[in-house]
Amino acid sequence: MSVLRPFKANDLFRFNNINLDVWTETYGITFYLTYLQRWSDLCFTQESPRGRLQGYILGKAEGAQTEWHGHITAVSVAPEYRRLSLARNMCQRLEFASDEIYKGYFVDLYVRCNNALAIKMYEGMGYSVYRRVREYYGNLGVGKDGRDEEDAFDMRKCLSRDVAQRSIRSNGRDMIVSAHDVM
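Please read these numbers as outputs of a predicted model, since none were measured by experiment.

A. Molecular detail of the overall build of the chain. Regarding its fold elements, the chain presents four helices and eight strands. Taking 2.2 N^0.38 as the reference for a compact globule, 183 residues should give roughly 16 Å; the C-alpha atoms of the chain span a radius of gyration of 16 Å, in line with that estimate. In terms of overall dimensions, the chain has a C-alpha envelope of 45 × 40 × 30 Å along the principal axes. Counting only residues that meet the buried cut, the chain has 48% of its 183 residues in that class. The long-range fraction of contacts in the chain, counting pairs at least 24 apart against all pairs at least 6 apart in sequence, stands at 64%. Accessible surface, the chain: about 10,000 Å² in total, of which carbon and sulfur atoms supply 51%. Side chains of the chain give 25 positive and 23 negative charges; the mean places of these two sets differ by 5 Å.

B. Spatial organisation of the packing of aromatic side chains. Following the criterion strictly, the structure yields twelve aromatic pairs and no others. Geometrically, the ring pair formed by Tyr110 and Tyr136 is stacked, given 4.5 Å between the ring centres and 15 degrees between the ring planes. Placement of the pair is Tyr110 in strand 5 (residues 106-112) and Tyr136 in the loop between strand 6 (128-134) and strand 7 (152-158), with a sequence separation of 26 residues. Judged by its relative accessible area of 23%, Tyr136 falls in the partly exposed class. Ring geometry for Tyr122 and Tyr127: centres 6.1 Å apart, planes at 70 degrees, overall edge-to-face. The class for Tyr122 is buried, based on a relative accessible area of 7%. Each member of the aromatic cluster is reached from another via a ring pair, and the members are Phe7, Phe15, Tyr27, Phe31, Tyr32, Tyr35, Trp39 and Tyr56. Over the ring of Tyr137 we find Arg112, and its NZ or CZ is 4.0 Å from the ring centre. Above the plane of the ring of Tyr130 lies Arg156, whose end atom (NZ or CZ) is 3.6 Å from the centre.

What counts, and where the lines are drawn
Residues numbered from 1 in each chain as written. Predicted model: local features only at pLDDT ≥ 70, side-chain atom pairs only at ≥ 80, totals over all residues. Heavy atoms only, no water. Helix = DSSP H or I, 4+ residues; strand = E, 2+ residues; numbered from the N terminus. Rg over C-alpha atoms; globule rule 2.2 N^0.38 Å. Buried < 20%, exposed > 50% of the residue type's maximum accessible area, 1.4 Å probe, protein only. Contact = heavy atoms within 4.5 Å. Areas by Shrake-Rupley, 256 points an atom, 1.4 Å probe, with all protein chains shown as cover. Lys, Arg positive; Asp, Glu negative; His and termini not counted. Charge placed at Lys NZ, Arg CZ, Asp CG, Glu CD. Phe/Tyr/Trp six-rings, centres within 6.5 Å; stacked < 30°, edge-to-face > 60°. Lys NZ or Arg CZ within 6 Å of the ring centre and 35° of its normal.

Written out as structure tokens, the structure reads:
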């Protein structure tokens, strides 16, 4: 049985099997260390009984007032460990911390609009599309249906503090904003 544990700085030297994936964003070491220093309670890794890293999640708390929330910056599982609910378990841990420790209204994440598998997974975990962010990942040309393939969906899941569920909407796929509006 694998173990979900806090992400440690030395894990950065052991997670190539996870990051060598077309969907996984890879950042500089300073980026990871900043997260570990500022939001260590929102960063976890899943480790196999033999000590191999299976996946990780990096999160942070941000926003103000009713926009105060937990944010999933990265969640990735090594290909050989997918379909074992590891991503779900890591997201649930981050959601719990965002709710109980940070008292956020919601948890959000950004996912490429053309990453249908991830979108389906997040929807199965209770996330819904809040808005589409044009060229969030850059402008690489026009994709399917005349939309840039590097758009992102801002997906959100309400936490207990958002009793009125104001942080979600039913027509999120129709709400299109510029990347400049969210950065």
